[in-house]
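Take a look at the letters that make up each chain.
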Amino acid sequence: MSDKPGPVYVEISSSMLSEDIGEIKYKVYYSVSRPLASPNDVKTTVDLICSAEYPVILVDRGVRISHATNEVIKVAETINAPIVTTVMAKDAIPSNHPLYAGVAIGRAGNIVAYEVLRKADVILSVGNRFSEIGTGRYSLEINGELIHVNVDPYDLGRAYKPRLAVLADAKDFLTKVLQELSLRGRCRGEGV
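Residues numbered from 1 in each chain as written. Predicted model: local features only at pLDDT ≥ 70, side-chain atom pairs only at ≥ 80, totals over all residues. Heavy atoms only, no water.

A. View of the overall build of the protein chain. A count of helical and extended segments in the protein chain gives six helices and six strands. Reading the secondary structure of the protein chain in the N-to-C direction produces α-α-β-α-α-β-β-α-β-β-β-α. Residue pairs at least 24 apart in sequence account for 62% of intrachain contacts in the protein chain once pairs closer than 6 positions are excluded. Surface accessibility of the protein chain: about 11,100 Å² in total, with carbon and sulfur atoms responsible for 51%. (Helix = DSSP H or I, 4+ residues; strand = E, 2+ residues; numbered from the N terminus. Contact = heavy atoms within 4.5 Å. Areas by Shrake-Rupley, 256 points an atom, 1.4 Å probe, with all protein chains shown as cover.)

Set out below in structure tokens:
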């Protein structure tokens, strides 16, 4: 439930299942903590986005896990930037949203989303681990400056070299980006 949430595999010896151990008293306690975005990372991100001619937001599974779909849509609307997704997040953005360009990667991808991403001068990638499958065997074309946001430090810069690597939970990061954008007023475009 922490870091990069997902299924786990637990192996138990079959001999343990046949043993009588008597009564067990246990207390269930866990605390889930996610890394929070630093003010400097948020400011640098907004600086890069506001200076971009054609920023694009690349959404992956981490946005869904963090329940940050509303925040990512609001950021896109605020800066008037198209959104592309990976296969793992293709249902995170409503397909009829005017800024949604589609899935940009792999067999499920479409040419519009691929070209939108290829043309971007700044790519804000949120919740993306840039796996082999998620990048179409690393064939994803990243030409612009990459801002890579993820909760797992292992994934940051592993496949693509970012201009800015941000260790943060997607919801926390996007919420802080929205706050910074609102402080600055109009950043670029008119929004939708």
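B. Structural detail: the packing of aromatic side chains. Counting across every chain of the model gives one aromatic pair. Cation over ring: Lys119 sits above Tyr54, and NZ or CZ is 4.3 Å from the ring centre. (Phe/Tyr/Trp six-rings, centres within 6.5 Å; stacked < 30°, edge-to-face > 60°. Lys NZ or Arg CZ within 6 Å of the ring centre and 35° of its normal.)

C. Up close: the pattern of salt bridges. One pass over the full model with this rule turns up 10 salt bridges. Where Asp91 meets Arg64, a salt bridge forms, and the shortest distance between an N and an O atom there is 3.4 Å. With a gap of 27 residues between them, Asp91 in the loop between β2 (83-85) and β3 (100-103) and Arg64 in helix α3 (residues 61-65) connect regions that are remote in the sequence. Among the residues examined, Asp91 registers a relative accessible area of 58% and is labelled exposed. Between Glu71 and Lys171 there is a salt bridge whose closest N-O contact spans 3.0 Å. Placement of the pair is Glu71 in helix α4 (residues 69-79) and Lys171 in helix α6 (residues 170-184), with a sequence separation of 100 residues. Among the residues examined, Glu71 registers a relative accessible area of 14% and is labelled buried. (Salt bridge = Lys/Arg side-chain N within 4 Å of Asp/Glu carboxyl O. Buried < 20%, exposed > 50% of the residue type's maximum accessible area, 1.4 Å probe, protein only.)

D. Quick peek at the environment of Pro98. Relative to the elements of secondary structure, Pro98 occurs in the loop between β2 and β3. Residue Pro98 is classed as exposed on the basis of its relative accessible area, which comes to 67%. It is 8.3 Å that separates the C-alpha atoms of Pro98 and Pro82, two residues lying 16 residues apart in sequence.

E. A look at the sheet that holds strand β1 (residues 55-59). The strand order across the open sheet built from six strands is β3-β2-β1-β4-β5-β6, with neighbouring strands paired in parallel fashion. Strands with a single pairing partner mark the edges of an open sheet, and in this sheet they are β3 and β6 (164-167). Adjacent strand axes in the sheet meet at a mean angle of 15°, parallel and antiparallel pairs treated alike. Bridge count between strand β5 (residues 145-150) and β6: four bridges; the pairing is parallel. (Pairing = 2+ DSSP bridges. Axes fitted to C-alpha atoms, helices over the stretch in contact; angles between N-to-C directions.)

F. Representation of the environment of His97 in the model. By the secondary structure assignment, His97 is in the loop between β2 and β3. His97 gets classed as buried once you look at its relative accessible area, which sits at 12%. Taking the C-alpha atoms as reference, His97 lies 9.0 Å from Ile73; in sequence the two are 24 residues apart. Apart from residues no more than four positions distant in its own chain, His97 is found in contact with Ile73 and Glu77. Within the local environment of His97, its side chain forms a polar contact with the backbone nitrogen of Leu99, the two atoms lying 3.0 Å apart. (Polar contact = N/O pair within 3.5 Å; in protein donor to acceptor, adjacent residues only side chain to side chain.)

G. Up close: the packing of helix α2 (residues 39-51) against α6. Running from amino to carboxyl end, α2 crosses α6 at an angle of 60°, the nearest separation of the two axes being 9 Å. Overall, the two elements α2 and α6 adopt an arrangement that is oblique. Seen along the crossing, α2 lies across α6 with a hand that is right-handed. Contact residues: α2 offers Val42, Lys43, Thr45, Val46, Asp47 and Cys50, while α6 offers Phe173, Lys176, Val177, Glu180, Leu181 and Arg184. (Parallel < 35°, antiparallel > 145°, perpendicular 65-115°, else oblique. Left-handed = near helix turned anticlockwise from the far one by under 90°.)

Purely geometric stuff here, so don't read any function into it on its own.
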